[in-house]
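# Fold and geometry: a report
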Amino acid sequence: MPRVAVIGAGSWGTTFGKVLADGGADVMMWARRAEQAHEIREGHRNTQYLPGINLPRNLSASQHLAEALDGATQVYVAISSQALRQNLKGIRPLVSGTDAPIVSLMKGVEKRTGQRMSEVLEQELRCDPDRIAVASGPNLALEIARQHPTAAVISSSSRETAEAVARRARNTYFRTFVNTDVIGTEFGGVLKNLIAVAIGIVDGVGYGENTKASIITRGLVEMTDFAVAQGAEPETLQGLAGLGDLIATCQSPLSRNNTAGRLLGQGYSFNEVVKQMDQTAEGLASVAPVLQLARAAGIQMPIVEQVKMVLDGTMNPRDIAPHLTTDDDEPTGERTMNGSRGSGAALWRSLERALDQFRNRGRGPSRD
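Residues numbered from 1 in each chain as written. Predicted model: local features only at pLDDT ≥ 70, side-chain atom pairs only at ≥ 80, totals over all residues. Heavy atoms only, no water.

### Digging into unusual backbone geometry
Residues other than glycine seldom take positive phi values, yet His44 does so here, at roughly 55°. For His44, the location among the structural elements is in the loop between helix H2 (34–43) and strand S3 (59–62). A relative accessible area of 10% means that His44 is categorised as buried. Even without being glycine, Arg126 reaches a positive phi, approximately 50°. For Arg126, the position within the fold is in the loop between helix H5 (117–125) and strand S6 (132–136). (Helix = DSSP H or I, 4+ residues; strand = E, 2+ residues; numbered from the N terminus. Buried < 20%, exposed > 50% of the residue type's maximum accessible area, 1.4 Å probe, protein only.)

Have a look at this one:
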C-alpha cells in the first residue's frame, strides 16, 4: 500500500487519516504526546478527539516526526494555524529531499502575518507551490469518522498535484473534487468559520431561524466579496469550499466555531470561551487578520466587524442581530460587490455541473 503521513492527531487529522486508510493507504500519523500515539498505534482509538470510533489497522502513529514522515509519498498537515510555522521548522529537513505533495487540512489565517496556510507552508518548507494542495469542504470530523457520505474539494495551483491527492483521499464514503483556485478554496474554509461564530452568537442569545438564515445568506456575500478581492474565483465560493462548508458549519452543534459563538451569545467572555473549549476554534483567531485584509482591500464586512466587537466586549451580543447583516441604514442592493459574476452566473454554472453529473450518473469530470 502507498505510505502517507498525517501530521497532527486532533479530531480532523485523525479523521482524515482514517479517510486515507479506508481508501487503501498505509497511514502513519504524528502525535505530539506519546500516550496518544500509543493509543492510536496499539488500541486503534483516539478517545480524546474521536470517542467511540475504531480506527483502521493500516493506520498507526508515532511521536517522532522522522518516523512518521519516513517514506511518505504524500504529507497531510493538520496543526493549529497559529502553531503551524513553529512546527514546520522541524518538518522542513525531513521533506526537503522528496517531491511528495504537501496537503493543508487547516482552515485559518496566521494572526501575525495574515497569510493563508498554503503560503506559510510554501515559505517555511521552501518548496514549489505546485507541490502544495489544500483540502476543504463541508467536513465535520465526527460525521466523517462515522462514515457519513460527504464530499470535499482538493485545490492546487498544479492540476496534476490536485488530482494525485484527490485520487488518494477518497473512498466509498468520501468523494473528492478538484480545482486550481487555491485562494478561493482556502478563504472559503476560513471565512465560513467567522460566519459560524456569528450564527452561534445569535443562537446563544435565543434568536430564531429567520435571523440565522439572513446571516448565512449575507455572510456568503461577505465571503465572496472578500475572496474575490484577494484574487479568488467567485464560483469557488458557490461550491463545496464556500457554500457547502458554510451550511455544514453554521447548522451543526459539532462545529467548534458555532459552539464558541453560542457561548459568547450566552454571555461568556472571550477568555472564558477559550478555557471551556477543549479544541481550537480557528474562527476566533482569524477575525482580526481577516478584517485587516478586508480594510486594506476596501471590502465591507459588517457581520465580521460586529463579531469582533462581541469578542472585544464592546457590543452586547443581544444588540448584534438588528444590525448584523448591513453596514448602515441606507438601502442597498442584494447582489455582491462583484455583480453578476458572483451571483447568477456562478449559480447557473453550479446547476450545470449538477445536471452534468446527473446525466452521466456521476461519471462526469471531477470538477468542483
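Alright, that's what it looks like, and here's the rest.
### With respect to the environment of Arg146
Following the sequence through the fold, Arg146 ends up in the loop between helix H6 (141–145) and strand S7 (150–155). In the structure, Arg146 is positioned 27 residues away from Tyr173 in sequence and 9.7 Å away in space, judged by C-alpha atoms.

### Details of the packing of helix H8 (residues 182–205) against helix H12 (residues 256–265)
Two elements in contact, H8 and H12, have axes whose closest approach is 6 Å; the angle formed by their N-to-C orientations is 40°. Viewed along their axes, H8 and H12 adopt a mutual orientation that is oblique. Handedness of the H8/H12 crossing: right-handed. Along its contact with H8, which presents Asn193, Ala196, Val197, Ile199, Gly200, Ile201, Asp203, Gly204 and Val205, the element H12 presents Asn257, Asn258, Gly261, Arg262, Leu264 and Gly265. By residue class, the composition of the contact of H8 with H12 is six nonpolar, seven polar and two charged. (Axes fitted to C-alpha atoms, helices over the stretch in contact; angles between N-to-C directions. Parallel < 35°, antiparallel > 145°, perpendicular 65-115°, else oblique. Left-handed = near helix turned anticlockwise from the far one by under 90°. Contact = heavy atoms within 4.5 Å. Nonpolar A, V, L, I, M, F, W, Y, C, P; charged D, E, K, R; others polar.)

### Side note on the packing of aromatic side chains
A full pass over the atoms with the stated rule returns four aromatic pairs. Taking the centre distance of 5.7 Å and the plane angle of 85° together, the rings of Phe16 and Phe174 count as edge-to-face. Of this pair, Phe16 sits in helix H1 (residues 11–22) while Phe174 sits in strand S8 (residues 174–179), placing them 158 residues apart in sequence. Accessibility classification places Phe16 together with Phe174 in one group, the buried group. Consider the rings of Phe187 and Phe226, whose centres lie 5.0 Å apart with planes at 85°: the pair is edge-to-face. Here the residue Phe187 occupies a position in helix H8, and Phe226 occupies one in helix H9 (residues 209–229), the gap between them amounting to 39 residues. Owing to a relative accessible area of 0%, Phe226 belongs among the buried residues under this scheme. Its end group placed over the ring of Phe177, Arg175 keeps NZ or CZ at 4.8 Å from the ring centre. (Phe/Tyr/Trp six-rings, centres within 6.5 Å; stacked < 30°, edge-to-face > 60°. Lys NZ or Arg CZ within 6 Å of the ring centre and 35° of its normal.)

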